[in-house]
Amino acid sequence: MAEQMAVIEKIGAAVHRLKTAKAYTAYYTAIIKRVRSVTQTIPVEKRVRLYHTVNEPLRTDGPGTPEADWTAACGVINVSVEKTLSKRKNKHFASMEQILIWNPEVIIVNEQGVDRKILNNRRRSAIQAVKDNKVYAIPVGISRWGHPGGLETPLAILWTAETVYPHRFKDLDLVSEIKGFYNTFFNLDPGLGMPERILTNQGMRNSCK
């Protein structure tokens, strides 16, 4: 996350928008502190075990990735980080057997439809997250929240923290956060129903043909 913020400020300076870039990194930093102020008090043994998929069920987060960083900020135990994973073309993969052993309590997917694929697969029915129906598709706005090349990671941190620890973030108003974020940093006004569409990851990514 620190590297991402540093790059944003460099780009801001290059295109004569340093003030806006610094406002963005200040917001990003404030979100991290805000969430950590709540989650840092959670004992390690009570932290939620989370598995995050990238594009497909078995592709996941390896050490040193942006996803490993921002999920850590949410106060969860990202089960794939710092574990032995297979690696192909700088992409990290876990085996089905390993995921069953990790037995995550929550699964987050970043591709529409992968959540249903996981929930409807009989081989995955023994996973705690599947048993409890806690498999969620991450929101999509301008890009998929938390994507390494996207700018919506602060929102991904808020959403993940609220999703995993709802009783600790019951006062969080994500709709207001969404409206403020896009208005401030993209000069966009999410119209009626748009924040809800973003949050449900429905119809936000259209294929270009």
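Everything below is about the structure printed above this text.
Residues numbered from 1 in each chain as written. Predicted model: local features only at pLDDT ≥ 70, side-chain atom pairs only at ≥ 80, totals over all residues. Heavy atoms only, no water.

A.B. asks: Can you break down the packing of helix α7 (residues 153-164) against helix α8 (residues 174-186) residue by residue, with the values?
C.D. replies: Two elements in contact, α7 and α8, have axes separated by 11 Å at closest approach and are oriented at 175°. By the angle between their directions, the pair α7 and α8 is classed as roughly antiparallel. Listed contacts from α8 to Leu155, Leu158, Trp159 and Glu162 of α7 are Leu174, Glu177, Phe181 and Tyr182. (Axes fitted to C-alpha atoms, helices over the stretch in contact; angles between N-to-C directions. Helix = DSSP H or I, 4+ residues; strand = E, 2+ residues; numbered from the N terminus. Parallel < 35°, antiparallel > 145°, perpendicular 65-115°, else oblique. Contact = heavy atoms within 4.5 Å.)

A.B. asks: Give me the lowdown on the packing of aromatic side chains, citing residues and values where you can.
C.D. replies: In this description, an aromatic ring pair is defined by two values, namely the gap between the centres and the angle between the planes. Within the structure shown, the criterion is met by 10 aromatic pairs. Between tyrosine 182 and phenylalanine 186 the ring centres are 6.0 Å apart and the planes differ by 40°, which places this aromatic pair in the tilted class. Residue tyrosine 182 and its partner phenylalanine 186 are both found in helix α8; the two are separated by four residues, about one turn of the helix. One Lys or Arg, arginine 88, reaches over the ring of phenylalanine 93 and ends 3.9 Å from the middle of that ring. (Phe/Tyr/Trp six-rings, centres within 6.5 Å; stacked < 30°, edge-to-face > 60°. Lys NZ or Arg CZ within 6 Å of the ring centre and 35° of its normal.)

A.B. asks: Any details on helix α2 (residues 18-39)? Residues and values, ideally.
C.D. replies: Between its first and last C-alpha, α2 extends 31 Å over 22 residues, near the 32 Å set by a 1.5 Å rise per residue. Restricting attention to buried positions, one finds in α2 the residues Ala21, Tyr24, Thr25, Tyr27, Tyr28, Ile31, Ile32, Val35 and Thr39. All buried residues of α2 project into a common sector of 155° when viewed along the axis, lining one side. Seen from the open side of α2, the exposed residues pointing more than 90 degrees away from its buried face are Lys19 and Lys33. (Expected span 1.5 Å × (residues − 1). Buried < 20%, exposed > 50% of the residue type's maximum accessible area, 1.4 Å probe, protein only. Arc of directions from axis to C-beta.)

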